[in-house]
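Reading the structure
If you want the building blocks of each chain, they are given just below.
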Amino acid sequence: MTRAGGGLRGLRPTAKVLPEHARSHNRSLVLQQLYRTEGLSRADIARSTGLTRVTISDLVGELIGEGLITELGQREDARPGKPATLLALNVHAFHLIGMDLSDKVAFHAARFDLGGTIIERISAPRGTAVGEDALEIVYALVERLLRDETSPILGIGVGSPGVVDGEGRIRTAPNLGWHDLPLRDLLAERFELPVTVANDANAAVLAEHTFGSQDAASDLILIQIGAGVGAGLIVDGAPVSGSRSAAGEIGHVVVGTDGGPRCACGKDGCVEAWVAAGRLAEQLEQAADPAAAEALLAAAGERLGIALAPVVGVLNLSEIVLSGPTTLLEGAFADAVLETIRQRTISDIHAELTLRMTALGQDIVLRGAAVLVLSGQLGVS
């Protein structure tokens, strides 16, 4: 079965667990199998998960009763015996809401089906709104999407700039004027729905893992380059958030010891000061000719490569994905990033390191917000 955006790979475990957690976990195992592949029988799922056929039959009956699974009919099979009945995830059973708050110009929101298809998309200009005013824009977007909703809503996922802890609290998002804002709890109380909030780059890497390239590695880092610079990490198929929920905050890591452009944080030579999209665009406008423009992009790519080389070396990552303006990041910039990393790591170990642009474009954070809901509420991705 093909879902919107490409192939699907799970972030969830694929083996049995302890009895006290078994039923919830095993429901997720069944749903995950059908999220990956349409047209499996109960016996197929039992073989894939290692669960007994009796357990699978019980879980499937429960999920059919909830409308999450539907029967497609019998398999055309030349084998003897009664043909197996094929199953599929009912992608229309619920809708969910994803939000992207990372754009400096506007906030974006969308209503998705369970397969990741966007049903409705809306945006609201942010202007100079910060603090409570910015929060009111978020509320208004959700209210607009709920106004004419006919399907039950599974939950709300939010990708926000800044440092977001495991409780969905925005510890700090200076551009939005948010500090210690319990965004998850505020949304959950107002709309009486499950809510998951994550850093925008962390949401983006989940989207890449779930909806991105079918050949994506299980160990990758996604670098999101826009007004700022952030990173999301997937290691051994699982997202990494760090002990203080700030894994991937590379934008304000100083690169080199030779100074560099002054950053908004007050330091000189931060990654963000070198490679933020706005800065690169301004420099290109001043470039005298195409050769000078290419040299500027290569120099910026080299700085990002310097910052990423230790990360690639320590974690033994196999893939880097760039998300941002393709006109800036493809070509000289990307080539310089990859070449710099290879020069600064062990060639035999990292010779097959790959770097590519995401195919998800500007929707990557929105789609990642949808994955937050799917993973959190159904255990699928």
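Here, every reference points to the structure presented above.
These remarks concern the structure in this document. Sequence positions are assigned chain by chain, starting from 1 and proceeding in written order. Local features in this predicted model are restricted to residues of pLDDT 70 or higher, and side-chain atom pairs are both shown and tallied only at a pLDDT of 80 or more, whereas totals for entire chains, interfaces and linings draw on every residue. The side-chain quantities take in all heavy atoms of the structure and omit both hydrogens and water.

Focus on the overall build of the protein
Helix and strand assignments follow DSSP, with helices taken as H or I runs no shorter than four residues and strands as E runs no shorter than two, numbered in order from the N terminus. The helix and strand tally for the protein stands at 13 helices and 16 strands. Radius of gyration means the value over C-alpha atoms here, while the globule rule gives 2.2 Å times the residue count to the 0.38 power. A compact globule built from 381 residues would reach a C-alpha radius of gyration of about 21 Å, and the protein, at 22 Å, matches this within 12%. Relative accessibility decides the category of a residue: with a 1.4 Å probe and only protein chains considered, values under 20% of the type maximum give buried, values over 50% give exposed, and everything between is partly exposed. Evaluated residue by residue, the protein yields a buried proportion of 52% over its 381 residues. The contact criterion used is simple: two residues touch if any of their non-hydrogen atoms lie within 4.5 Å. Considering only residue pairs separated by 6 or more positions, the protein has 63% of its internal contacts joining residues 24 or more positions apart.

Points about the pattern of salt bridges
Pairs can form between side chains of opposite charge once their charged atoms are near each other. When a carboxyl oxygen of Asp or Glu lies within 4 Å of a side-chain nitrogen of Lys or Arg, that pair is called a salt bridge. Going through the model one piece at a time under the given rule, you end up with 15 salt bridges. In this structure, the salt-bridge partner of arginine 42 is glutamate 71, at a minimum N-O distance of 2.9 Å. On the criterion of sequence distance, the pair formed by arginine 42 in helix H2 (residues 42-49) and glutamate 71 in strand S2 (residues 69-74) is long-range, its members being 29 residues apart. A salt bridge links glutamate 120 to arginine 111, with the shortest nitrogen-to-oxygen separation between them at 2.8 Å. Look at glutamate 120 and you get partly exposed, because its relative accessible area is 29%. By relative accessible area, arginine 111 is classed as buried at 10%.

Brief notes about the sheet that holds strand S1 (residues 40-41)
Here we have three strands laid out as an open sheet, ordered S1-S3-S2, and antiparallel in their pairing. Looking at strand neighbours, the two that pair on one side only are S1 and S2, the edges of this open sheet. Note that S1 and strand S3 (residues 85-89) share two bridges and pair antiparallel. Counterpart to serine 41 in the pairing with S3 is leucine 86. Any two strands with at least two DSSP bridges between them are considered paired.

Some words on the pairing of strand S5 (residues 106-113)
Among the eight residues of S5, seven are classified as buried, and the element is accordingly described as predominantly covered. Of the pairings in the sheet, the one linking strand S4 (residues 95-100) to S5 comprises six bridges and is antiparallel in character. If you follow histidine 95 over to S5, its bridge partner there is aspartate 113. The turn joining S4 and S5, which pair antiparallel and follow one another in sequence, is formed by five residues. Count of turn residues in the S5/strand S6 (residues 118-125) antiparallel hairpin: four residues, of which glycine 116 carries a positive phi of about 95°.

Comments concerning the packing of H2 against helix H3 (residues 53-65)
Angles run from 0 to 180 degrees between N-to-C directions of axes, and those axes are lines fitted to C-alpha atoms, restricted for helices to the stretch in contact. Running from amino to carboxyl end, H2 crosses H3 at an angle of 120°, the nearest separation of the two axes being 9 Å. What the angle tells us is that H2 and H3 run oblique. Along this stretch, H2 crosses H3, giving a crossing that reads as right-handed. Two secondary-structure elements touch here, H2 through Arg42, Ala43, Ile45, Ala46, Arg47 and Thr49 and H3 through Arg53, Ile56, Val60 and Ile64. Looking at the contact of H2 with H3 residue by residue, the classes come out as six nonpolar, one polar and three charged. Each angle is binned into one of four classes, with values under 35 degrees roughly parallel, values over 145 roughly antiparallel, values of 65 to 115 roughly perpendicular, and all other values oblique. We call a crossing left-handed when the near helix sits turned anticlockwise from the far one by less than a right angle, and right-handed when that turn is clockwise. For this classification, Asp, Glu, Lys and Arg are treated as charged, while Ala, Val, Leu, Ile, Met, Phe, Trp, Tyr, Cys and Pro are nonpolar and the rest, including Gly, are polar.

A short note on the packing of aromatic side chains
Geometry of aromatic contacts follows a simple scheme: Phe, Tyr and Trp rings, the Trp one being its six-membered ring, pair when their centres are within 6.5 Å, and the pair is stacked under 30 degrees between planes, edge-to-face over 60, tilted otherwise. Scanning the entire structure with this criterion turns up one aromatic pair. Measuring from ring centre to ring centre gives 6.3 Å for tyrosine 139 and phenylalanine 191, while their planes differ by 65°; the resulting arrangement is edge-to-face. Of this pair, tyrosine 139 sits in helix H4 (residues 131-147) while phenylalanine 191 sits in helix H5 (residues 183-191); the two residues are 52 residues apart in sequence, bridging distant segments of the chain. The residues tyrosine 139 and phenylalanine 191 share a single accessibility class, namely buried. Charge over a ring is defined by NZ of Lys or CZ of Arg lying within 6 Å of the ring centre and within 35 degrees of the ring normal. In this arrangement the basic side chain of arginine 190 is found over the ring face of tyrosine 139, its NZ or CZ atom lying 4.0 Å from the centre. Its end group placed over the ring of phenylalanine 211, arginine 367 keeps NZ or CZ at 5.9 Å from the ring centre.

Re the nonpolar core
By size, the foremost hydrophobic cluster in this structure holds 46 residues, and its most contacted members are Val30, Leu31, Leu34, Leu96, Leu114 and Leu378. Among the elements of the structure, helix H1 (22-36), H2, H3, S3, S5, helix H6 (200-211), strand S12 (220-225) and helix H13 (364-378) are those that each provide at least two residues to this core. The element contributing the most residues to this core is H13, with nine residues. Residues in contact with leucine 96, not counting those within four places in the same chain, are Ala110, Arg111, Phe112, Asp113, Leu114, Ile153, Leu154, Gly155, Ala370, Val373 and Leu374. Put simply, a nonpolar core is a bunch of buried Ala, Val, Leu, Ile, Met, Phe, Trp, Tyr and Cys residues held in one set by side-chain atoms that sit within 4.5 Å of each other. If you look at the next biggest cluster of nonpolar residues, it comprises 34 residues, including Leu297, Ala307, Phe333 and Ile341.

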